[in-house]
Amino acid sequence: MMHKSTLESLPNELLLNIFSYLSSFDLCQSFVDVNNSRIRNLVTSIRHSINVDLIRYGQFHEWLSQHQHLGNCFTDLIDCLVLNDSYPSRLLIEYWTKTFTENNRVNVLFSSLRRFVFFNRIHRHRELLPILKPLVLSNNTLQYLHIIFEDCRNNYSTMLSELVAHRISVHTMILEVEQGILYVGHVFRPTTKNGLHTMQQLCWPNTVQLTLSIQYSCELKYLFEENALPAIEYLNITIEDWNSIEEYNEISRSDSNIELSRDSLRQTTTACTHLKYLVIHFITLTDFITLIDSLTLVSLEELTLIDMYDTSKFFIYLLFSHDIVLFSC
Amino acid sequence: MIDLDNLNQFQKVCSSRRLSLKKLHFSLCFPEKIQHIWKTSSFNCNREWPFENMNCYLYDYDDHDQLIREMLFVISNCPLELLIDNKRTFYSYGFPTYVSAFARRTVRPRLFQWTRNKQFRRTHQRIVNCHVKQFYLTDFIKQETNPSIISTCHSHWNLSFNNLRSFIFDTDSILIEKSQRIIMLERILDTSPNLSSLAVSWEDFRHCSRQYFQLQQVRLLLDVSYNDSNNFFDIHRLNQLVPQLYVLETTRGIMKQNEYLIGFILKICEHLPQLIHLIINKNSALKSKITSKRIFMRNLTAATQDKMFHGHKIHLGPFGGSEQISIWL
């Protein structure tokens with residue numbers, strides 16, 4: 001007699017192998033309601049991620065309507081959410097925003113969300129903030145916030161300014177600037193208006209790992225102020241500084257706030273008790289010496305200085321205007 | 001006046017007891033002329049550096065237009081893999097000399113760009129194990145044409161780009177023979193099991209011999225503007241090459257908004273049933289009259305409603321007047 005195999009009779013290993021061919025969306029839609037606790041447990045034990053851009057138009061609307069009418073569905077299982085500047089992502093943000101109310105700030109749509117990755121290629125901070133503000137509250141689960149910017153123009157500083165103003169702080173924060181000035185196409189004339197010194201006082205108490213870009217080296221002091229980053233252990237800073245040294249000097253003369261001086265550092269900064277890993281890109285030798293002389297870095301174990309440069313104008317031009325390097329043998 | 005005074009201070013700071021570092025890595029850029037001063041100074045041989053592996057070399061910088069050709073003198077104690085992990089972009093023909101196997105993962109997406117074929121084979125060999133997420137191959141043959149070097153690639157390409165997710169193959173079709181271009185493209189596609197996104201000229205891609213099940217997103221770089229729908233590209237052939245295509249974009253060559261295009265769009269939707277997003281004329285700069293766009297949109301909507309019964313959403317351009325057409329299926 002032939003033995004009849006059913007899906008339910010397959011071992012976990014085989015089921016997991018089958019699951020690996022399906023997207024989280026398809027997998028959950030197909031299996032989460034199956035009347036078999038072993039399969040259901042298997043599906044819920046996997047860490048799920050969702051890319052809204054790979055969901056069909058019809059399925060997307062069906063899913064949101066299902067959530068609206070039946071409440072929790074597979075989105076409860078989502079661990080990582082990736083959003084782009086696409087139309088589906090925009091629709092999802094609109095829907096998600098509406099799920100937060102004045103009285104209920106709990107993330108009911110993605111109740112297990114721990115990682116949120118957002119490709120912010122166009123100006124979108126107004127849309128993103130209504131989601132981020134409740135997401136970082138203590139009763140929500142977000143641990144990892146990664147926002148990717150195409151370049152370090154206004155879009156970046158506006159978002160940074162908002163994150164600082166609303167004290168949006170989670171365990172790991174990565175504010176990544178993808179491209180140096182070469183891809184931007186032309187040299188910008190940013191003013192000193194966009195730096196950390198013009199923003200509200202930095203206070204990200206929950207942030208343990210941070211990657212960010214700043215405009216000028218003087219902004220470093222705001223990162224080491226008391227209560228700015230009290231839990232920080234890993235700090236990765238890129239000093240973008242688009243200006244040539246001459247422009248920098250002009251700004252420095254007109255605005256004493258943007259100089260990195262021993263006095264200002266010693267007055268305002270506090271001992272970094274937890275900082276273990278420090279990475280700095282594009283700092284001048286002089287600024288680095290000033291910084292290390294003035295700070296008390298008691299726990300620092302690893303220091304990495306990438307493309308440090310002497311104060312010669314030529315380098316600043318070359319490094320900042322191209323951010324691209326050719327090696328020669 | 002360029003001197004090494006700052007370097008002296010840097011050495012002192014690094015050696016001071018205020019810092020009790022377990023690891024210090026740095027790369028320090030100087031003008032080329034500092035090389036002579038460095039060689040005659042005591043810095044390169046004194047024993048006051050609190051670390052080993054001091055190294056110095058020249059970065060050869062030359063920009064696209066050959067307006068600047070300069071050398072940078074770099075003093076570093078970084079292993080090159082650490083430098084690569086921390087840089088946004090490499091633009092290199094000589095860099096493989098320094099590259100070894102990679103051990104670390106980073107948050108920054110990598111963009112590697114080659115300009116010349118001189119080191120192509122070695123570069124390919126060296127980067128197979130690193131965490132390159134995006135590989136941009138363009139104009140690498142501009143300076144010198146040497147087909148024998150490309151031929152020698154073949155026997156060395158039994159390696160795998162396991163981490164590569166995105167590949168842009170945009171080479172100069174005049175300066176490199178078609179057969180050679182196709183061999184290179186095929187080799188990279190064959191050796192990248194996790195590649196999901198490809199940007200490529202249709203003229204090259206259509207000659208590839210295998211099926212690429214790993215690809216989900218394809219951007220076709222079309223040659224010129226067409227009026228005739230028969231010449232855009234062969235949908236049947238594309239479906240054979242990429243059986244699991246979810247996102248299809250066309251760019252560069254503009255498909256004019258007329259009745260041929262409507263027919264072509266319907267044909268794509270019919271022959272590629274798995275497609276989720278179709279974006280025609282992505283990022284086009286060409287602008288047509290608003291009235292003719294309205295007529296086109298009306299005709300396209302009517303045609304798609306007749307032929308596509310499941311839900312879908314059509315957008316014209318991100319901005320008014322742009323030739324971009326986006327369809328979410």
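What follows covers the overall build of chain B. Secondary structure assignment for chain B yields 10 helices and 13 strands. Long-range contacts, defined here as pairs at least 24 residues apart, represent 71% of the contacts in chain B between residues at least 6 apart.

Packing of helix H12 (residues 285–294) of chain A against helix H1 (residues 5–15) of chain B brings their axes to within 10 Å, and their N-to-C directions diverge by 30 degrees. In terms of their interaxial angle, H12(A) and H1(B) are classed as roughly parallel. The way H12(A) lies across H1(B) gives a crossing that is left-handed. Together, A:Leu285, A:Thr286, A:Ile289, A:Ile292 and A:Asp293 of H12(A) and B:Asn6, B:Gln9, B:Phe10 and B:Val13 of H1(B) make up the contact between the two elements. Its residues placed into classes, the contact of H12(A) with H1(B) shows five nonpolar, three polar and one charged.

For the rest of this paragraph, the subject is the pairing of strand S8 (residues 277–281) of chain A. All names here are of chain A. Note: strand S7 (residues 234–239) against S8, five bridges, orientation parallel. Pairing of Asn 236 across the sheet is with Val 279, part of S8. In terms of strand pairing, S8 meets strand S9 (residues 302–309) through five bridges, oriented parallel. Residue Tyr 277 lies in a different strand from S9, and its bridge partner there is Glu 302. For the segment spanning S8, H12 and S9, crossover handedness is right-handed.

This paragraph deals with the packing of helix H9 (residues 259–271) of chain B against helix H10 (residues 290–307) of chain B. Residues and elements named next belong to chain B. One can describe the packing of H9 onto H10 by two numbers: an axis separation of 10 Å at closest approach and a directional angle of 30 degrees. In terms of orientation, H9 and H10 fall into the roughly parallel class. Taken as a pair, H9 and H10 cross one another with a handedness that is right-handed. Residues Glu 259, Ile 262, Ile 265 and Leu 266 of H9 lie in contact with H10, whose contacting residues are Asn 299, Leu 300, Ala 303 and Lys 307. Grouping the amino acids of the contact of H9 with H10 by side-chain chemistry returns five nonpolar, one polar and two charged.

So, on to H12(A). Burial in H12(A) covers these residues: A:Leu285, A:Asp287, A:Phe288, A:Thr290 and A:Leu291. Against the buried residues of H12(A) lie helix H9 (220–223), helix H11 (262–268) and S9 of chain A together with H1 of chain B.

Residues and elements named next belong to chain A. Structurally, Glu 8 is set in the segment before helix H1 (12–19). In this structure, the C-alpha to C-alpha distance between Glu 8 and Val 34, residues 26 residues apart in sequence, is 9.8 Å. Leaving out residues up to four positions away in the same chain, Glu 8 has contacts with Asn 36 and Ile 39.

Once that is clear, we can look at the confidence of the model for chain B. All names here are of chain B. In the predicted model, chain B carries a mean pLDDT of 71, and the fraction of residues at 70 or more is 60%. Averaged over each element, pLDDT in chain B is lowest for helix H5 (residues 147–153) (38) and highest for helix H8 (residues 235–241) (95). Considering only residues more than four positions removed or in separate chains, one finds that residues 62–69, a stretch of pLDDT under 50, has six contacts. Within the model, the stretch residues 91–119 combines pLDDT values under 50 with 87 contacts to residues more than four positions away or in other chains. This complex was scored by the predictor with a pTM of 0.82 and an ipTM of 0.78.

On to the nonpolar core. Judged by nonpolar contacts, the single largest core of 87 residues is most densely connected at A:Leu305 and A:Met308. Looking at this core, the element that brings in the most residues is S9(A), giving five residues. Those residues within four positions of A:Leu305 in sequence are excluded, and the remaining contacts are A:Ile280, A:Ile283, A:Phe288 and B:Phe26. B:Leu164, B:Val218, B:Leu220 and B:Leu241 belong to the second-largest nonpolar core, a separate cluster that totals 38 residues.

Attention now moves to unusual backbone geometry. If a residue is not glycine, its phi is most likely negative; likewise, a peptide bond is most likely trans. In this structure, A:Asp307 is a non-glycine residue whose phi angle is positive, near 50 degrees. Examined against the element boundaries, A:Asp307 turns out to sit in strand S9. Judged by local crowding, A:Asp307 falls into the buried class, with 26 C-beta atoms found within 10 Å. Although it is not a glycine, B:Arg252 sits at a positive phi angle of roughly 70 degrees. You can see B:Arg252 is positioned in strand S10 (residues 247–252). Classification of B:Arg252 by C-beta neighbours within 10 Å gives partly exposed; the count is 18.

With that out of the way, let us pick up the environment of A:Glu225. Residues and elements named next belong to chain A. Its place among the elements puts Glu 225 in the loop between H9 and S7. In sequence terms Glu 225 and Ala 271 are 46 residues apart; their C-alpha atoms lie 8.8 Å from each other. Among residues more than four places away in sequence, those in contact with Glu 225 are Leu 202, Thr 268, Thr 269 and Thr 270.

Once that is clear, we can look at the pairing of strand S2 (residues 78–83) of chain A. Residues and elements named next belong to chain A. As judged from the four bridges shared by strand S1 (residues 48–51) and S2, these two strands associate in the parallel manner. When the bridges of S2 are listed, Ile 50 appears paired with Leu 81. Where S2 and strand S3 (residues 115–120) come together, four bridges link them in parallel fashion. From the neighbouring strand, Leu 81 faces S3, where its bridge partner is Phe 116. As for the winding sense of the linkage, the β-α-β connection from S2 through helix H5 (residues 87–99) to S3 is right-handed.

Definitions and limits used
- Residues numbered from 1 in each chain as written.
- Chains lettered and ligands numbered in written order.
- Predicted model: local features only at pLDDT ≥ 70, side-chain atom pairs only at ≥ 80, totals over all residues.
- Helix = DSSP H or I, 4+ residues; strand = E, 2+ residues; numbered from the N terminus.
- Contact = placed C-beta atoms within 7 Å.
- Axes fitted to C-alpha atoms, helices over the stretch in contact; angles between N-to-C directions.
- Parallel < 35°, antiparallel > 145°, perpendicular 65-115°, else oblique.
- Left-handed = near helix turned anticlockwise from the far one by under 90°.
- Nonpolar A, V, L, I, M, F, W, Y, C, P; charged D, E, K, R; others polar.
- Pairing = 2+ DSSP bridges.
- Right-handed = clockwise from strand over helix to strand, strands pointing away.
- Buried ≥ 20, exposed ≤ 12 C-beta atoms within 10 Å, placed from the backbone.
- pLDDT = per-residue confidence, 0-100.
- Core = buried A, V, L, I, M, F, W, Y, C linked by C-beta atoms within 7 Å.

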